[in-house]
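# Commentary on secondary and tertiary structure
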Amino acid sequence: MADKITSLFFVFGIIGLWTQAGCGESNNKYDNYTLFRIYPIEESQFEFIKLLQSSNDDIEVLKKSRGYNDSTDVLVPPNRLQSFKDLAEKNHFNYDLKNQYGRSFESPERAPRRRVLRGFSIYEYHSFAAIQEFIDTMASKHPELIKLQTLGSSYQGRKMKLVKISQNPQAGNPVIFVDAGIHAREWVAPSMALYLIHRLVMDPEARKRELRGVDWYILPVVNPDGYEFSRTSKANRMWRKTRSKSPISNCYGVDGNRNYGFHWAVSGVSNNPCDMETYAGHKPFSELETQMVRDVMLSNPKRIKLYVSLHAYGQYLVYPWGYTASILPQKWRKLDELARKVSQAVQNAGGQPFKVMSAGQWYPAAGGSDDFAFGAAHIPYSYTMELTDGFEFVFPENRLRNTLPELYEGFRAFASEIRNEFSNKRFRDHNV
Ligand code: 0X9
Ligand code: ZN
């Protein structure tokens, strides 16, 4: 009898394990990776980090630092742990580490029933289908404020809809264009975009303030195929690129933020389609997704006055140029000044201030949407906003409720400055 129970237990145990593996739960590539937060202080240490990123091994540089008190974050696989530690010691790096990094990932799966029962919470991460449903529902409930424009389909056929919010579309108001989610794993960015839509439409005060004399175009998920891929299993949680098949190799995906056609591929890119991070594509705008964003910019010349691309992480607010560290746009002071106002507004609301600088001063990388918006589409204010700090790409869902409203105050500041500079006289100088 005891034997029977043991063997039944054994069989169910195996089935249990198998089911788990089938869900991708126990199959996380990053489970045994170690996250190193290193704090470079000397020039030679910065040089070493540069080498690390360009070397062709399986160490993943998640973020570069900019000077003191800002970390460079590196994910190291188990077979490189000891040699990486030795290297860090040899180069006299200060560092913290977090073992078994992948085990801290939240499960991307969400039972559909829970969503139906509880409705759509703006403070949770959602599937692309649920996001689409939310947008459609908002638009059909508020036709006086929201118009949807279908831009086309992603590589895998997901419909991309631009959410246009306006109290008076005929007025020719200045437009703020916000996009998010060009990088698949940066889930907090689409969340912020959805929060913006929700708040602008549902909060009567926001309607009076942020929609007065200013229109908003919001594209919450620029890279839906990559986003869905990063949700399919914990092993894919760190996916960044699109999901297009390379015409010249067996690998997938292009870094959308290296794919824009302005000084394309001159710095900070990889030419290798199998590079997991910064492959620029085989030509500028090789990706349908970046073409669609480009077309929004180019088909609204003069009206779009501010472009903000939402990313994660590091709490940076950076402006052109991104392709080089050695020159700044002639009007950089205006870009800098507005960014500092936004940062102050977020800080006043209890949030972390942004580190403000040109993108190239952080690290040069060409082909970004911010440079194209400013340099080719001539949008006068253009930024990349890197949301949150302290949790890398896996920002905990339970922190959205506090963080998104703090960040919103930054957008409130953006709106009031854009209105003051560009709106018709009747909307100007009445900041609420
Ligand atoms: O490297 C990027 O694309 C952005 N950082 S992220 O960690 N979200 O990947 C920064 C882009 C800044 N803009 C340009 N370099 N043009
Ligand atoms: Zn990004």
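Presented here is an overview of the structure given in this document. Since the structure is predicted, the reported quantities are computational estimates derived from the model, not experimental observations. One numbering rule holds for all chains: residues counted from 1, following each sequence as written. Starting at A for chains and at 1 for ligands, labels are handed out in the order in which the entities are written. Given that the model is predicted, a residue must reach a pLDDT of at least 70 before its local features are reported, and side-chain atom pairs must reach 80 or more before they are shown or counted; all residues, however, enter totals for whole chains, interfaces and linings. Values reported for side chains reflect all heavy atoms of the structure, with hydrogen atoms and water molecules removed beforehand.

### What about the packing of helix H6 (residues 188-202) against helix H13 (residues 400-422)?
As a packed pair, H6 and H13 sit with axes 10 Å apart at the nearest point and diverge in direction by 70°. With respect to H13, the axis of H6 lies roughly perpendicular. The element H6 and its partner H13 pack so that their crossing is right-handed. When H6 is examined against H13, the residues Val188, Ser191, Met192, Tyr195, Leu196, Arg199 and Leu200 are found in contact with a partner set consisting of Leu400, Leu404, Pro405, Leu407, Tyr408, Glu409 and Phe411. Axis angles are defined between N-to-C directions and span 0 to 180 degrees, where every axis is a line fitted to C-alpha atoms and, for a helix, only to the segment in contact. Only DSSP runs of H or I with at least four residues qualify as helices, and only runs of E with at least two residues qualify as strands; both kinds are numbered from the N terminus onward. Comment on the angle field: the value is read as roughly parallel under 35 degrees, roughly antiparallel over 145, roughly perpendicular from 65 to 115, and oblique elsewhere. Helix crossings get a hand from a simple test, with the near helix turned counterclockwise from the far one by less than a right angle marking a left-handed crossing and a clockwise turn marking a right-handed one. Contact definition: two residues touch when any of their heavy atoms are within 4.5 Å.

### Observations concerning the site of ligand 1
By convention in this text, a residue qualifies as near a molecule or strand provided that one of its non-hydrogen atoms is within 4 Å of it. Around ligand 1, the surrounding shell holds 15 residues, and the nearest of these are Arg240, Arg258, Tyr363, Asp370 and Glu386. Counted as a polar contact is a pair of N or O atoms within 3.5 Å, where, for protein atoms, one must be capable of donating a hydrogen and the other of accepting one, and residues adjacent in sequence contribute only when both atoms are in side chains. Between ligand 1 and Tyr363, the relevant distance is 2.6 Å, taken from an oxygen atom to a side-chain nitrogen or oxygen of the residue. A distance of 3.0 Å is found between a nitrogen atom of ligand 1 and a backbone nitrogen or oxygen belonging to Ala365. Protein burial of ligand 1: of its 420 Å² of free accessible surface, 98% is covered by the chains. Where the shell around ligand 1 is concerned, the elements lending two or more residues are strand S9 (304-312) and strand S12 (381-387). Polar here means any residue other than Ala, Val, Leu, Ile, Met, Phe, Trp, Tyr, Cys and Pro, which are nonpolar, and Asp, Glu, Lys and Arg, which are charged; Gly is therefore polar. Here the shell around ligand 1 is built from residues that sort into four nonpolar, six polar and five charged. Each accessible area is a Shrake-Rupley result for a 1.4 Å probe, and residues are judged covered by the shown protein chains and nothing else.

### So, the packing of aromatic side chains
Only Phe, Tyr and Trp rings take part, Trp by its six-membered ring, and two of them pair if their centres are within 6.5 Å. Stacked means planes under 30 degrees apart, edge-to-face means over 60, and tilted covers everything else. Scanning the model with the defined rule gives 27 aromatic pairs in all. When the centroid spacing of 4.8 Å and the interplanar angle of 80° are considered together, the rings of Tyr313 and Phe393 count as edge-to-face. One end of the pair, Tyr313, is in the loop between S9 and strand S10 (316-319); the other, Phe393, is in the loop between S12 and H13, with 80 residues separating them in the sequence. Using a 1.4 Å probe on the protein chains alone, a residue whose accessible area is under 20% of its type maximum counts as buried, one over 50% counts as exposed, and one in between counts as partly exposed. Residue classification places Tyr313 among the buried positions, given a relative accessible area of 2%. With centroids separated by 4.8 Å and ring planes inclined at 65°, the aromatic side chains of Trp362 and Tyr363 adopt a geometry described as edge-to-face. A relative accessible area of 9% places Trp362 in the buried class. Three or more aromatic residues joined by ring pairs make a cluster, and in this case those are Tyr30, Tyr33, Tyr101 and Phe105. Its end group placed over the ring of Phe393, Arg185 keeps NZ or CZ at 4.1 Å from the ring centre. Its end group placed over the ring of Tyr316, Lys355 keeps NZ or CZ at 4.6 Å from the ring centre. Lysine and arginine charges are scored as sitting over a ring when NZ or CZ, respectively, is within 6 Å of the ring centre and within 35 degrees of the ring normal.

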